[in-house]
Amino acid sequence: MSKAYLLKGVRVLGGPAADLLLRDGIIAAVGRIGAATAKGAEVVDADGLVALPGLVDLHTHLREPGREDAETVESGSRAAALGGYTAVCAMANTSPVADTAGVVEQVFRLGREAGLVDVQPVGAVTVGLGGQRLAELGAMAESAAGVRMFSDDGHCVHDPRLMRRALEYVKAFDGVIAQHAEEPRLTQDAQMHEGVVSAELGLPGWPAVAEEAIIARDVLLAEHVGARLHVCHVSTAGSVEILRWAKRRGIRVTAEVTPHHLLLTDERARGYDPVFKVNPPLRTQSDVDALREALVDGTIDAVATDHAPHALQDKECEWAYAKPGMLGLETALSIVITTMLDSLGWDGIAERMSRAPARIAGLRSHGQAFAPSHAQVRGGASSAKGAPANLTLVDPQAKWTVDPSRLASRSRNTPYAGMELTGRVVATFLRGVPTVLDGKATR
Ligand code: DOR
Ligand code: ZN
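A. Seen up close, the overall build of the protein. Counting its secondary structure elements, the protein contains twelve helices and 19 strands. Since a compact globule built from 443 residues should have a radius of gyration of about 22 Å, the 21 Å found for the protein is in line with a globular shape. In terms of overall dimensions, the protein has a C-alpha envelope of 65 × 45 × 40 Å along the principal axes. Burial analysis of the protein (443 residues in total) assigns 60% to the buried set.

Structure (structure tokens):
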């Protein structure tokens, strides 16, 4: 029998203080728990801490195989656990590309060996992310990794006929195509958002329409096929309008936004610090406002990090030569608390960072702790009982300053260096086993 934990005085989803007993991988008891029930359990003083279902990231670049100097499955898993995550979807743009059963099984196995979060591999849509031929979607789905989500992220599935066929293929097993929406003919040589700032800096622009045109096309394709589409890292106000239209029409589309697109704008490019170079690029304040509103009203379903570690030499160089991408796993929850807690509340954060992403990715044992469906069936505070013990404890008041040298990621490219954030993960439990305690990884 595995060790049990008694979390004393925890505020489930920010509610009144209660105790939680984690035993045998599930939440075994909730409420006022007596000594007899908690016999043999290690007591964790959780006074004032907020309990959330373990976070689920739909969009993580773990870089293994191929760029282990930037990140490994293990180092990225540790960063994820420290950020409050219990599951991450590992993007396919590794080297070799995760476009076969062999590679997705390798990533899946490395995740299990690290044992810090559930690593769910995302399969490539096209062979080598080349955009020419469909990859072996069926073989990846049937593999031990059980792939349900496919994406060429980093690249757009540009050919509409291939996109249609991919949607048709995954419909058979209720899979989903996650699109990196970028019309490549409109973003050639692009370095940042196309607008006032790019004009002033003289940098080639990445226009909003390059994202919006692909989303518009793809929601129509998804409607035509009747398959599920997921839109990665939505970044513009216009994209939000299209998604709102598509959802009203009943099209099966979901969408994610990154923490950095909820907080930062293209003004950051003025210092030419490549840490702010990312794809899609940081947009304008009115885009940020529209994204926040869309996350609140449900037009955007989830927050996903797009955690994109890069080695020093790929980031500490001239802007034009730097690779796009920024770290996200260890700061995402704090950024969302800082920017969105007032409008979303704790339950809203749980929905957008755990339940919705778990549903989209088809990860059934995640996003279950404290789920409203449990509440209806079982009533009130005991609602969490019986759910898999995947959860995270947050100190909602803790303030901390981001120090890149203290992150668990192998890379240092955080855009929040030196920034003071509010809210910090204190503990994370994966199937009742702590992966983080007292703010430190347990392995
Ligand atoms: O900024 C980005 N970095 N956007 C992507 O689409 C890919 C990612 C990466 O792999 O570095
Ligand atoms: Zn992308």
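Structure's up, so let's keep going.
B. Representation of the nonpolar core within the structure. By size, the foremost hydrophobic cluster in this structure holds 99 residues, and its most contacted members are Leu7, Ile27, Leu52 and Leu393. If one sorts the elements of this core by residue count, helix α11 (residues 332-361) sits on top with ten residues. Other than its neighbours up to four places away in sequence, leucine 52 contacts Leu13, Leu333, Trp346, Ile349, Ala350, Phe370, Leu391, Thr392 and Val394. Counting residues in hydrophobic clusters, the runner-up holds 17 residues, among them Leu201, Leu264, Val275 and Val402.

C. Representation of the pairing of strand β2 (residues 17-23) within the structure. The buried fraction of β2 amounts to six of the seven residues, a majority that puts the element mostly inside the structure. The pairing of strand β1 (residues 5-12) with β2 spans five bridges and is antiparallel. Bridge assignment links leucine 7 to a residue of β2, and that residue is leucine 20. Between the end of β1 and the start of β2, which pair antiparallel, lie four residues, with leucine 13 showing a positive phi angle near 50°. The pairing of β2 with strand β3 (residues 26-31) spans five bridges and is classified as antiparallel.

D. Structural context of the coordination of the zinc ion (ligand 2). Here the zinc ion (ligand 2) is held by Asp153 (OD), His180 (ND1) and His233 (NE2), and the distances to it run 1.9 to 2.3 Å. Because the angles between the four donor atoms bound to the zinc ion (ligand 2) fall within 84 to 131°, the donor set is best described as irregular. Going along the chain, you hit the donors of the zinc ion (ligand 2) in the pattern D-x26-H-x52-H. Placement of aspartate 153 in the loop between β9 (149-150) and α4 (160-171) and of histidine 180 in the loop between β10 (176-179) and β11 (192-193) is noted, with a sequence separation of 27 residues between them.

E. Structural view of the packing of aromatic side chains. If you walk through the whole model with that rule in mind, you get two aromatic pairs. Their ring planes at 65° and their centres at 6.2 Å tell us that phenylalanine 150 and phenylalanine 173 sit as a pair that is edge-to-face. Here phenylalanine 173 lies in the loop between α4 and β10 and phenylalanine 150 lies in strand β9, a separation of 23 residues in the sequence. Its relative accessible area of 0% is what places phenylalanine 150 among the buried residues. One residue, arginine 424, lies across the ring of tryptophan 400, its end atom 4.0 Å from the ring centre.

F. Quick look at the site of ligand 1. Close to ligand 1 lie 14 residues; Arg63, Asn93, His180, Asn279 and His310 are nearest. In the model, a nitrogen atom of ligand 1 is placed 3.1 Å from a nitrogen or oxygen of the proline 324 main chain. The residue inventory of the shell around ligand 1, partitioned by class, reads three nonpolar, eight polar and three charged.

G. Structural detail: the packing of helix α9 (residues 285-297) against α11. Packing of α9 against α11 brings their axes to within 10 Å, and their N-to-C directions diverge by 45°. Put simply, α9 runs oblique to α11. In this structure, the crossing between α9 and α11 has a hand that is left-handed. Facing Arg292, Leu295 and Val296 of α9, the residues of α11 in contact are Thr339, Met340, Ser343, Leu344 and Arg352. When its residues are assigned to classes, the contact of α9 with α11 shows four nonpolar, two polar and two charged.

H. Structural view of the environment of glycine 128. Locating glycine 128 in the fold gives a position in the loop between β8 (118-121) and α3 (137-142). The exposure class assigned to glycine 128 is partly exposed, which follows from its relative accessible area of 40%. Taking the C-alpha atoms as reference points, glycine 128 and proline 96, 32 residues apart in sequence, are found 7.8 Å from one another. Filtering out sequence-adjacent residues up to four positions away, glycine 128 remains in contact with Val97 and Asp99.

I. A look at the side chain of arginine 63. With respect to the helices and strands, the residue arginine 63 is situated in the loop between β6 (55-60) and α1 (73-82). Despite its burial, arginine 63 pairs with no opposite charge, the nearest such side chain being aspartate 306 at 6.9 Å. A polar atom in the side chain of arginine 63 sits 2.8 Å from the backbone oxygen of proline 309.

J. Looking closely at the pairing of β1. Two elements, β1 and strand β4 (residues 42-45), share four bridges in a ladder whose sense is parallel. Across the sheet, the residue bridging to leucine 6 is valine 43, located in β4. One ladder, built from two bridges, connects β1 with strand β5 (residues 50-53); its direction is parallel. Paired with valine 12 across the bridge in β5 is alanine 51.

K. Summary view of the environment of aspartate 301. Checked against the element boundaries, aspartate 301 lands in the loop between α9 and β15 (302-303). What makes aspartate 301 buried here is its relative accessible area of 18%. Measuring from C-alpha to C-alpha, the distance between aspartate 301 and leucine 393 comes to 22 Å, with 92 residues separating the pair along the chain. Leave out the neighbours within four places in its chain, and aspartate 301 touches Lys247, Val253, Thr254, Ala255, Arg352, Ala356 and Ile360. A distance of 2.7 Å separates polar atoms of two side chains, one belonging to aspartate 301 and the other to lysine 247.

L. Region of the structure containing the sheet that holds β8. The strand order across the open sheet built from three strands is β6-β7-β8, with neighbouring strands paired in parallel fashion. If you trace the sheet from one side to the other, it starts and ends with β6 and β8, each paired once. Neighbour-to-neighbour, the strand axes of this sheet turn through a mean angle of 20°, independent of strand direction. One ladder, built from four bridges, connects strand β7 (residues 85-90) with β8; its direction is parallel.

Here is what the cut-offs are and how they apply
- Residues numbered from 1 in each chain as written.
- Chains lettered and ligands numbered in written order.
- Predicted model: local features only at pLDDT ≥ 70, side-chain atom pairs only at ≥ 80, totals over all residues.
- Heavy atoms only, no water.
- Helix = DSSP H or I, 4+ residues; strand = E, 2+ residues; numbered from the N terminus.
- Rg over C-alpha atoms; globule rule 2.2 N^0.38 Å.
- Buried < 20%, exposed > 50% of the residue type's maximum accessible area, 1.4 Å probe, protein only.
- Core = buried A, V, L, I, M, F, W, Y, C linked by side-chain atoms within 4.5 Å.
- Contact = heavy atoms within 4.5 Å.
- Pairing = 2+ DSSP bridges.
- Donors = N, O, S within 2.8 Å, 3.2 Å for Na, K, Ca; no water.
- Tetrahedral: all angles 85-135°; square planar, octahedral: opposite > 155°, others 65-115°.
- Phe/Tyr/Trp six-rings, centres within 6.5 Å; stacked < 30°, edge-to-face > 60°.
- Lys NZ or Arg CZ within 6 Å of the ring centre and 35° of its normal.
- Near = heavy atom within 4 Å.
- Polar contact = N/O pair within 3.5 Å; in protein donor to acceptor, adjacent residues only side chain to side chain.
- Nonpolar A, V, L, I, M, F, W, Y, C, P; charged D, E, K, R; others polar.
- Axes fitted to C-alpha atoms, helices over the stretch in contact; angles between N-to-C directions.
- Parallel < 35°, antiparallel > 145°, perpendicular 65-115°, else oblique.
- Left-handed = near helix turned anticlockwise from the far one by under 90°.
- Lys, Arg positive; Asp, Glu negative; His and termini not counted.
- Salt bridge = Lys/Arg side-chain N within 4 Å of Asp/Glu carboxyl O.

Just geometry here; none of it tells us what the structure is for.
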